[in-house]
Amino acid sequence: MSTSKTAPTAPAAKRDRTHYLYIAVIVAVVLGITVGLVSPDFAVELKPVGTGFVNLIKMMISPIIFCTIVLGIGSVRKAAKVGAVGGIALGYFLVMSLVALGIGLVVGNLVEPGTGLQVTDAIKETGQAQVSDEALPPVDFVLSIIPVTMVSAFTEGQVLQTLLVALLAGFALQAMGRTGEPVLRGIEHIQRLVFRILAMVMWVAPIGAFGAIAAVVGSAGLDALKSLAVLMLAFYTTCFLFVFLVLAALLRVVSGLNILTLFKYLGREFLLILSTSSSESALPRLIAKMEHMGVSKPVVGITVPTGYSFNLDGTMIYMTMASLYIADALGTPMSIGEQIPLLLFLLVASKGAAGVSGAGLATLAGGLQSHKPALVDGVGLIVGIDRFMSEARALTNFAGNAVATVLIGTWTKEIDKERVGEVLAGRLPFDEKTLLDEGEGYDAPAADGSSEPRGDDKELAKA
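Residues numbered from 1 in each chain as written. Predicted model: local features only at pLDDT ≥ 70, side-chain atom pairs only at ≥ 80, totals over all residues. Heavy atoms only, no water.

A. Representation of the overall build of the protein. Each helix and strand in the protein was counted, giving 22 helices and zero strands. Expressed as a percentage of the 463 residues in the protein, the buried residues total 54%. (Helix = DSSP H or I, 4+ residues; strand = E, 2+ residues; numbered from the N terminus. Buried < 20%, exposed > 50% of the residue type's maximum accessible area, 1.4 Å probe, protein only.)

B. Spotlight on the confidence of the model for the protein. Per-chain confidence: the protein averages 75 in pLDDT, with 73% of residues scoring 70 or above. When mean pLDDT is taken per element in the protein, helix α13 (residues 259-265) scores highest with 94 and helix α22 (residues 455-462) scores lowest with 36. Segment residues 1-16 is flagged for pLDDT under 50; beyond a separation of four residues in sequence, or across chains, it makes twelve contacts in the model. Below a pLDDT of 50 lies the segment residues 352-357, which in the model reaches 13 contacts outside its immediate sequence neighbourhood of four places, other chains included. (pLDDT = per-residue confidence, 0-100. Contact = heavy atoms within 4.5 Å.)

C. Geometry of the packing of aromatic side chains. A complete count under the given rule lists nine aromatic pairs for this structure. When the ring of Tyr 92 is compared with that of Phe 93, the centres are 6.1 Å apart and the planes differ by 65°; the resulting orientation is edge-to-face. An identical accessibility class is assigned to Tyr 92 and Phe 93; each is buried. Taking 4.6 Å as the distance between ring centres and 35° as the angle between the ring planes, the aromatic pair formed by Phe 240 and Phe 244 counts as tilted. Of this pair, Phe 240 and Phe 244 both sit in helix α12 (residues 229-255), separated by four residues, roughly a single helical turn. Note on Phe 244: relative accessible area 30%, which makes it partly exposed. Grouped by ring-pair contacts, the aromatic residues Phe 240, Phe 244, Phe 263, Phe 270 and Phe 398 constitute a single cluster. In this structure, Lys 289 packs its charged tip against the face of Tyr 265, placed 4.9 Å from the ring centre. (Phe/Tyr/Trp six-rings, centres within 6.5 Å; stacked < 30°, edge-to-face > 60°. Lys NZ or Arg CZ within 6 Å of the ring centre and 35° of its normal.)

D. Broad picture of a nonpolar patch on the surface. Together, Leu 94, Leu 98, Ile 336, Ile 340 and Leu 344 make up an exposed nonpolar region whose accessible area comes to about 430 Å². Elements with a minimum of two residues in the nonpolar patch: α5 (79-111) and α18 (336-352). With three residues, the top contributor of residues to the nonpolar patch is α18. Along the polypeptide, Ile 340 turns up in helix α18. (Patch = residues over 30% accessible without salt bridge, like charges linked within 9 Å, V, L, I, M, F, W, Y side chains within 5 Å. Areas by Shrake-Rupley, 256 points an atom, 1.4 Å probe, with all protein chains shown as cover. Salt bridge = Lys/Arg side-chain N within 4 Å of Asp/Glu carboxyl O.)

E. Fine view of the nonpolar core. Judged by nonpolar contacts, the single largest core of 117 residues is most densely connected at Leu 262, Leu 266, Met 290 and Met 293. For Met 293, the contacting residues outside a window of four places in its chain are Leu 262, Tyr 265, Val 406, Asp 416, Arg 419, Val 420, Val 423 and Leu 424. (Core = buried A, V, L, I, M, F, W, Y, C linked by side-chain atoms within 4.5 Å.)

F. Representation of helix α21 (residues 417-424). Taken residue by residue, α21 has Arg 419, Val 420, Val 423 and Leu 424 as its buried positions. All buried residues of α21 fall inside an arc of 125° around its axis, so they share one side. Next to the buried residues of α21 lie α13 and α15 (283-293). (Arc of directions from axis to C-beta.)

G. Fine view of helix α17 (residues 313-329). Look at α17: 24 Å from first C-alpha to last across 17 residues, which is about the 24 Å you get at 1.5 Å a residue. Within α17, 17 of the 17 residues are buried, which leaves the element mostly enclosed by the surrounding structure. A positive backbone phi angle near 75° is found at Gly 331, which sits one or two residues after α17. (Expected span 1.5 Å × (residues − 1).)

H. Just the pattern of salt bridges, in detail. Applying the stated rule across the entire model yields six salt bridges. Salt-bridge contacts for Lys 297 lead to Glu 291; the nearest nitrogen and oxygen are separated by 3.2 Å. For the pair shown, Lys 297 and Glu 291 are each scored as buried. Residue Arg 427 pairs with Glu 422 through a salt bridge whose shortest N-O separation is 3.2 Å. Salt bridges linked by common partners bring Glu 269, Arg 285 and Lys 289 together as one network.

I. The packing of helix α4 (residues 47-74) against helix α9 (residues 159-176), seen in detail. Look at α4 against α9: their axes get within 8 Å of each other, and the N-to-C directions meet at 30°. Comparing their axes, α9 and α4 come out roughly parallel. The way α4 lies across α9 gives a crossing that is right-handed. In this structure, α4 contributes Ile 61, Ser 62, Ile 65, Phe 66, Ile 69, Val 70, Ile 73 and Gly 74 to the contact, and α9 contributes Val 159, Thr 162, Leu 163, Val 165, Ala 166, Leu 167, Ala 169, Gly 170, Phe 171, Leu 173 and Gln 174. The residue inventory of the contact of α4 with α9, partitioned by class, reads 14 nonpolar, five polar and no charged. (Axes fitted to C-alpha atoms, helices over the stretch in contact; angles between N-to-C directions. Parallel < 35°, antiparallel > 145°, perpendicular 65-115°, else oblique. Left-handed = near helix turned anticlockwise from the far one by under 90°. Nonpolar A, V, L, I, M, F, W, Y, C, P; charged D, E, K, R; others polar.)

J. Here's a closer look at the environment of Leu 101. Its location among the elements puts Leu 101 in helix α5. Residue contacts for Leu 101: discarding those within four places in its chain leaves Met 316, Thr 320, Leu 343 and Leu 347.

K. Region of the structure containing unusual backbone geometry. Of note in this structure, Lys 413 is not a glycine but carries a positive phi near 55°. Here Lys 413 lies in the loop between α20 (380-411) and α21.

L. Spatial organisation of the environment of Thr 303. When you line up the elements, Thr 303 lands in helix α16 (residues 297-310). We classify Thr 303 as buried; its relative accessible area is 1%. With 103 residues separating them in the primary sequence, Thr 303 and Val 406 have C-alpha atoms 9.6 Å apart. Those residues within four positions of Thr 303 in sequence are excluded, and the remaining contacts are Val 85, Ala 89, Phe 93, Ala 404, Thr 405 and Ile 408.

The structure is reproduced here in structure tokens:
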């Protein structure tokens, strides 16, 4: 009993030391805003600092996804379970995307924030410049999921390509049975290495946050914010209502959890996203934290990476409201009959822009260009505040994927509810140093009891 009592205290001590890191991030954000307002030209030059930090995080995403999925699938005896998780996840993502589009549609029609604005030639040129050639039509997008080689899936940083390779490797190891266990153990050690590197990278977060926020404030300035305050306020309000009404109700009804408690557990990830304007910066930590909380590896490994391409609730709301805003600003408001086909088109187009840098704006411009080219001229109206709107976009996308992981874990009975309660109550703290539960069977709940490879770890977890 003495060992079981002392085990949780070590992570607690490590976690306490990291409090200074996130306090430093908050201070860096405040300093960045100050520098952006006082010296805009200098602040804009700091953009590479923020970009560099986000790129450091992104370089860890592919290996983390690969290790998580391979370990999760490789330790499950029934392949059908993995297919069920994927099917439920995709069905849920489609429904929630439609709900998000619908909410944005209602609010956009009620507020009409673009009415009365003037669109100059310069704004039109800026809008046309946002049309990206990177967004792919649906068929090409599906084909692009197949990498040129197995290795290129990692070198090109494409999440869905990595997901495909990981699924194939996981099923292959699953079919190998006991002969594949040494490979699984090797991948587990690699996962520990990758998460340790990620923990080291996180100590650069204050510098990255400072550069990113300073550049945003310096480039946009207060004037740009004032002219578009109505759109920003409406968008932030809509995202807030979606998260704390729709997602909160789903989480309470399905899993019996309070969304505020879950968000408190993910507080550092929300802070990281707020400071970098990128939900991808928190993807590796979301995977680690969901596993630690008690959701099984297969559910986490499939739901989180897939959700980052297919479950973009914030982006759906953004595209809806931005489309209506632009149409009103150009003096050509759309009827409901015009709005619905456009939004359904954007729903599909958004999947073709998964992984595109600045995907929200690029997807909007590309979708409008394909469906209603006349509206592209108005995209320039929101370029100045797109980065600020991307804050709410990223936070909403992250919240949606965190909730989705818990919901799908509950539906598939792949979640340890007792452990969830312990973790959210703070009695099983997350190890901020390793990002892994070194001494526990973090393979999690295996509802069918099929996850055999780490029996010793399970005994430690019970102790």
